[in-house]
Amino acid sequence: MAIEFAMPKLGLTMESGTILRWLVPDGAEVTAGQAVLLVETDKVETEIEASGSGVLAQTGEIGVEYPCGVRIGWFLETGEEPPAPADVAPAAAQVQAAAVPASQPSPLPVPTVPVRAPGERILASPAAKRLARELGVEIAAVAGSGPKGRITERDVRAVSKALAALPAAEPARITGSTTPEPSASVQPPATLAARQLADLLGVDLRSVQASAVDGRISRSDVAAYVRTLLAGLSSRAVGEDPASSTRSLPAQVATVATAAAADASTRSATPAPPLSQTPVKEIPMRGMRGVIAERMSASLRSMAQLTLTTDVDMSAVVAERAALVEAARSDDADERDGHADAVAAVVPGYTDYVLAAAAAALGRHPRVNSQVTDDAVALLGDIHVGLAVALDDGLLVPVVRHADRLSLDEIASETTRLAAGARDGTLGYDDYQGATFTVTALGMFGVDAFTPIINSPNTAILGVGRIRDGTDWSADVPAALPTLTLSLTWDHRAFDGAPAARFAGAVRDWLESR
């Protein structure tokens, strides 16, 4: 019996994965738990294990992004054939099918019609175009499953089979020969996140304009559509009956429209201004860059973020670290002289000291180790500190788990492993999950203080500046004093300025009392 192999969901934030490489050939015998493919998510490249045993029939294509839960293969018995495909674009059609309640009869398989702008170039292989002419399939009605939405022969054949199974009037409607209103069962291609948001707000995806080149509707497209509706509401004349002004909105949107109108007016739904000159290069807002842009914007929109700064006397830390560096050099010299039992330890960096101090302070100030829910501030029992690691093309935040239980040396070893793994792409997906607080540093770039943005769903983040020469005025003669500025951003919904200041003071006290 054939068993589906679906794109797994590796964490709460994972929405989709792109197949980079199959690690076993198509038709290979595999066992449950065996690594069978390499997938790229928004954070990491990771190996995916087989969820079952049998002969692996691969349906997922390299270079294609699949939402979590969408089929990418079959586990078959020896000699068994995979079920005949009943859809065109797995990333869209399967999600649509999954949304049909079990109590309802399954609709006829209807090919997903791509949404394209007038005159937009259709990416299709020459063989796919030739096959479309032979089968009488309108190439513009085919949703491509290849890289960047390219139409393949397989896509054309799938459309041809799907059209053959439809009632007589349906093929003409889908291929564009007639112009009646589209059936409710024909949905434009969209990401899983877009469909979830549309379902939540009662938005018809056929009304949403896709911004992606491949024609797929994203979550941001749905949000932009809703903001446009709300912006239109907020611009209507004062004194108009709120009930009448929301009647044309989707049901869930209408419920919250009046309360959200003022907020919606502050969110610009207008397109970006035109370029002032021809760019030398364009960096697509996709992949890691797109995720960072969306999440940072969402963080600022959804939280009441404020930042305070405090200076720390780092004299004790600087002296302690200098002694550790000297000891490590001595250990290295002993090892070179043949003392095999001498092992040089990882010398903690200044960020490691701050991370250890923050972990200790979180234990004393549990309000900061929290998450805001719909109706409460949830205090979290475990302390997992995220460490922001800068890459050439973005930012990753691997997590030091149970940081409050680790010694300074253990924290240094773990941050060294995480930073190296984040930069060379060897960390697993779990290494990025579960942060309850974040530490981010720009001191290595000569920055004294800055305003870090909270890493949702945390309620605070601590920025680390450079160690600079301050001035000690405690004696008659002013003296140089190594000084570090900490920048704490917190969500004012979760706690107020006084608790934030006390937490920052606890971090400062830990560092100054070394």
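Above this text is the structure in question.
This structure is a prediction, so every number in the text was calculated from the model and none was measured.

Novice: Let's hear about the overall build of the chain: which residues, and what values?
Specialist: Helix and strand content of the chain: 13 helices and 18 strands. Buried residues in the chain amount to 42% of all 514 residues. The contacts in the chain between residues at least 6 apart in sequence include a share of 62% that link residues at least 24 apart. For the chain, the exposed surface amounts to about 26,700 Å²; the carbon and sulfur share of it is 54%.

Novice: Just give me the short version of helix α11 (residues 350-364), but keep the residues and values in it.
Specialist: Taking 1.5 Å of rise per residue, the 15 residues of α11 would be expected to cover 21 Å, and the 22 Å separating its terminal C-alpha atoms lies within 8% of that figure. Of all the positions in α11, only D352, Y353, V354, L355, A356, A357, A358, A359, A361 and L362 are classed as buried.

Novice: Which residues make up the nonpolar core, and what values do they have?
Specialist: In this structure, F5, L37, V385, F437, L486, L488 and L511 are the most contacted members of the largest nonpolar core, which totals 71 residues. Sort the elements by how many residues they give to this core and α11 lands first, with nine residues. Residues contacting L488, with those up to four places away along its chain left out, are L306, T307, L308, F437, A460, I461, L462, A500, F503 and A504.

Novice: I'd love a proper account of unusual backbone geometry, names of residues and values included.
Specialist: Note that the residue after S456, namely P457, is joined by a cis bond; omega there is 10°. Note that P457 resides in the loop between β16 (437-441) and β17 (460-472).

Novice: Which residues make up the sheet that holds strand β5 (residues 45-49), and what are the values?
Specialist: The strands that make up a sheet are held in pairs by hydrogen bonds between backbone atoms, and each pair lies either parallel or antiparallel. If you trace the four strands from one edge of the open sheet to the other, you get β5-β4-β2-β7, paired in antiparallel fashion. Taken across any chain shown, the strands that pair with only one partner, and hence form the sheet edges, are β5 and β7 (65-67). Averaged over neighbouring strand pairs, the angle between their axes works out to 45° when direction is ignored. Pairing of strand β2 (residues 16-22) with strand β4 (residues 35-40) involves four bridges; the strand directions are antiparallel. Bridge pairing in β4 links R21 to L38.

Novice: Go over the side chain of T483, please, and point to the residues and values.
Specialist: Along the chain, the position of T483 falls in strand β18 (residues 479-491). In terms of polar contacts, T483 uses its side chain to reach the backbone carbonyl oxygen of L481, at 3.0 Å. Dropping the residues within four chain positions of it, T483 is found in contact with D311, V312, R466, I467, R468 and G470.

Novice: Which residues make up the sheet that holds strand β1 (residues 3-6), and what values do they have?
Specialist: The four strands are arranged β1-β8-β6-β3 in an open sheet whose pairing can be described as antiparallel. Taken across any chain shown, the strands that pair with only one partner, and hence form the sheet edges, are β1 and β3 (29-30). Of the strand pairs in this sheet, β3 and strand β6 (residues 54-58) are connected by two bridges, and their pairing is antiparallel. Opposite E29, over in β6, you have V55 as the bridge partner.

Novice: Just give me the short version of the packing of aromatic side chains, but keep the residues and values in it.
Specialist: What the rule picks out here adds up to two aromatic pairs. When the centroid spacing of 5.0 Å and the interplanar angle of 40° are considered together, the rings of F5 and F75 count as tilted. Of this pair, F5 sits in strand β1 while F75 sits in strand β8 (residues 71-76); the two residues are 70 residues apart in sequence, bridging distant segments of the chain. Judged by centre distance (5.5 Å) and plane angle (65°), the rings of F437 and F503 are edge-to-face. Of this pair, F437 sits in strand β16 while F503 sits in helix α13 (residues 497-512), placing them 66 residues apart in sequence. The burial state of F437 is the same as that of F503; both residues are buried. Above the plane of the ring of Y350 lies R321, whose end atom (NZ or CZ) is 5.0 Å from the centre.

Novice: Tell me about the pattern of salt bridges, and name the residues and values.
Specialist: Scanning the model with the defined rule gives 11 salt bridges in all. Here E414 makes a salt bridge to R417, at a shortest N to O gap of 2.8 Å. Of this pair, E414 and R417 both sit in helix α12 (residues 408-424), three residues apart, which is roughly one turn of that helix. Its salt-bridge partner being R508, residue D509 comes within 3.8 Å of it at the nearest N-O pair. Its relative accessible area of 42% is what places D509 among the partly exposed residues. In this structure, a network of salt bridges that share partners links the residues E414, R417 and D431.

Novice: Break down the environment of C68 for me, with residues and values.
Specialist: Relative to the elements of secondary structure, C68 occurs in the loop between β7 and β8. Given the relative accessible area of 12%, C68 is considered buried. Taking C-alpha positions, C68 is 5.0 Å from S16, a pair spaced 52 residues apart along the chain. Once residues within four sequence positions are removed from consideration, C68 is found in contact with M7, P8, K9, M14, E15, S16 and L192.

Thresholds applied
- Residues numbered from 1 in each chain as written.
- Predicted model: local features only at pLDDT ≥ 70, side-chain atom pairs only at ≥ 80, totals over all residues.
- Heavy atoms only, no water.
- Helix = DSSP H or I, 4+ residues; strand = E, 2+ residues; numbered from the N terminus.
- Buried < 20%, exposed > 50% of the residue type's maximum accessible area, 1.4 Å probe, protein only.
- Contact = heavy atoms within 4.5 Å.
- Areas by Shrake-Rupley, 256 points an atom, 1.4 Å probe, with all protein chains shown as cover.
- Expected span 1.5 Å × (residues − 1).
- Core = buried A, V, L, I, M, F, W, Y, C linked by side-chain atoms within 4.5 Å.
- Pairing = 2+ DSSP bridges.
- Axes fitted to C-alpha atoms, helices over the stretch in contact; angles between N-to-C directions.
- Polar contact = N/O pair within 3.5 Å; in protein donor to acceptor, adjacent residues only side chain to side chain.
- Phe/Tyr/Trp six-rings, centres within 6.5 Å; stacked < 30°, edge-to-face > 60°.
- Lys NZ or Arg CZ within 6 Å of the ring centre and 35° of its normal.
- Salt bridge = Lys/Arg side-chain N within 4 Å of Asp/Glu carboxyl O.

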